Amino acid sequence: MINYDSVIMNKSNGKVIVVFILLYGLISGIFSLLSQALQLFITPAVILLVTSVFLLLLVEIYFRSKRFKEIKKSIEFHINECNELNEYILKLKEGEIWRGSQFVGQAFLSDTSRNNFQRSYWSQIDNVNDTINCSLSICRNAKSDPIKYISKYFNIIPTEENLVHFENILNKFESAETGRKLLVEQQHKLISGISSKIPQLIFKFWNKRLKEELGFSFVEMKDIHFQKFTFQYVSSGGNSSAKCVVILDIDNLNNLVIYLNDRINFRKSIKGQRALITSYLRLQIKERDNFTCKICRNSVSIEPNLLLEIDHIVPVSKGGLSSLDNLQTLCWRCNRSKGSKMI
Ligand SMILES: [Zn+2]
């Protein structure tokens, strides 16, 4: 991966300081002439302020300049591609949420005890779907065995249907994560490619603005929806409390898929064995297919930051199995167009 910081750091900060000092010197020179002519006393703070305003003005002029527009146009195609991938990742992130218990109505609980217990913590209890109130020992056990406990207390029953549900989420989220990393690399590559054409002052101090002006849109990965399950304990007096939060991230999703599969096999509820779509299998299939898209033949050796995905040749909805011969590697573009054709 390109280290973007090193690209920035390699550019000498000296030039930036020299520009500022020259600008300051120029403006203070003009002001000293003015102050002599008009018999005014101008403080250095005023000169500094005017210099800063002048600098900001120069930045605005630069971003509107023909030169900048030309640079932008030269990489426009790649920026649009990045933004398309960005949009695709955003869609992947819209994973389905697990709803363990059915909605059976709404009720409000308030503490009407007359005793003056310290029950303030009760008011903070979330009565949302992803939180359960439980004993302290369950809280502690959930920490040491999170997958077993979320499966048990959030009603994730080991069925083939639920297994497919979580395999799909894992598949989507992992693509989104990988896609984001590749996208960031691609953006850095593009920007460092034009860095010699951009004034260092802008490159260093207006870097975020530069990306915006170039037209990049960004995936905020902190927004990725990894579902959270909370085990919450509050003592009856409200004096002691504990919380155990299990985040269903990529690692935990892998563990959950394996856990559910083990339970299903144990119960012998499905006869036909099939491949389990975990991160490991995804990598195996990509390796088998030489990291090459089966439709357009694009590969990571042609396009290093290409997002590759795993696709069911015959979709699950049409009876396709998650068997090795029904799984293939597709690039995100082909996978996207295949998906839209199906719909
Ligand atoms: Zn392709």
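Residues numbered from 1 in each chain as written. Predicted model: local features only at pLDDT ≥ 70, side-chain atom pairs only at ≥ 80, totals over all residues.

The subject of this paragraph is the overall build of the chain. Looking only at helices and strands, the chain features 13 helices and 5 strands. Taking the contacts inside the chain whose residues are at least 6 apart along the sequence as the reference set, 74% of them involve residues at least 24 apart. (Helix = DSSP H or I, 4+ residues; strand = E, 2+ residues; numbered from the N terminus. Contact = placed C-beta atoms within 7 Å.)

To continue, consider the sheet that holds strand 2 (residues 228-234). The 3 strands lie next to each other as 1-2-3, forming an open sheet whose pairing is mixed. Of all the strands in the sheet, just strand 1 (131-133) and strand 3 (241-247) have a single pairing partner and so form its edges. Each strand of the sheet is rotated relative to its neighbour by a mean of 15°, with strand direction disregarded. As defined by bridge partners, strand 2 adjoins strand 3 across 7 bridges and the pair is classed as antiparallel. (Pairing = 2+ DSSP bridges. Axes fitted to C-alpha atoms, helices over the stretch in contact; angles between N-to-C directions.)

Take unusual backbone geometry next. Look at Asn155: it is not a glycine, yet its phi comes out positive at around 60°. Inspection of the secondary structure assignment puts Asn155 in the loop between helix 7 (146-153) and helix 8 (160-194). Even without a glycine there, the phi angle at Arg297 is positive, about 65°. By the element assignment, Arg297 lies in the loop between helix 12 (279-288) and strand 4 (308-312).

Counting 44 residues, the largest nonpolar core has Leu85, Ile150, Phe166, Leu170, Leu253, Leu256 and Val257 as its most contacted members. Among the elements that take part in this core, helix 8 stands out by supplying 8 residues, more than any other. The residues that make up this core include at least three from each of domain 2 (76-97 + 118-267) and domain 3 (272-343). Not counting the four nearest positions on each side in its chain, Ile150 is found in contact with Ile156, Phe229 and Val246. (Core = buried A, V, L, I, M, F, W, Y, C linked by C-beta atoms within 7 Å. Buried ≥ 20, exposed ≤ 12 C-beta atoms within 10 Å, placed from the backbone. Domains from an automatic or database assignment.)

Take the confidence of the model for the chain next. Chain-level statistics for the chain give a pLDDT mean of 80 and a share of 79% at 70 or above. Mean pLDDT values over the elements of the chain span from 40, in helix 1 (residues 4-10), up to 94, in strand 5 (residues 327-331). In the predicted structure, residues 1-12 sits below a pLDDT of 50 and forms 14 contacts with residues beyond four places in sequence or in another chain. (pLDDT = per-residue confidence, 0-100.)

What follows covers the environment of Glu287. The topology assignment puts Glu287 in helix 12. With 42 residues separating them in the primary sequence, Glu287 and Thr329 have C-alpha atoms 9.1 Å apart.

Alignment of strand 1 against strand 2, held across 3 bridges, turns out to be parallel. Paired with Asn133 across the strands is Gln232, a residue of strand 2. Hairpin connection from strand 2 to strand 3: 6 residues lie between these consecutive antiparallel strands, with Gly238 at a positive phi of about 80°.

Attention now moves to the packing of helix 5 (residues 76-93) against helix 8. Packing of helix 5 against helix 8 brings their axes to within 9 Å, and their N-to-C directions diverge by 160°. As far as their axial angle goes, helix 8 and helix 5 are roughly antiparallel. Pair helix 5 / helix 8 crosses with left-handed handedness. Across the interface between the two elements, His78, Cys82, Leu85, Asn86, Tyr88, Ile89, Leu92 and Lys93 of helix 5 pack against Lys172, Ser175, Ala176, Gly179, Arg180, Leu183, Gln186, Gln187 and Leu190 of helix 8. Here the contact of helix 5 with helix 8 is composed, by residue class, of 8 nonpolar, 6 polar and 3 charged. (Parallel < 35°, antiparallel > 145°, perpendicular 65-115°, else oblique. Left-handed = near helix turned anticlockwise from the far one by under 90°. Nonpolar A, V, L, I, M, F, W, Y, C, P; charged D, E, K, R; others polar.)

For the rest of this paragraph, the subject is the environment of Ala275. Looking at the element boundaries, Ala275 is found in the loop between helix 11 (250-267) and helix 12. Using a count of 15 C-beta atoms within 10 Å as the deciding quantity, one classes Ala275 as partly exposed. Beyond its immediate stretch of four places on either side in the chain, Ala275 contacts Leu281, Ser322, Ser323 and Leu324.

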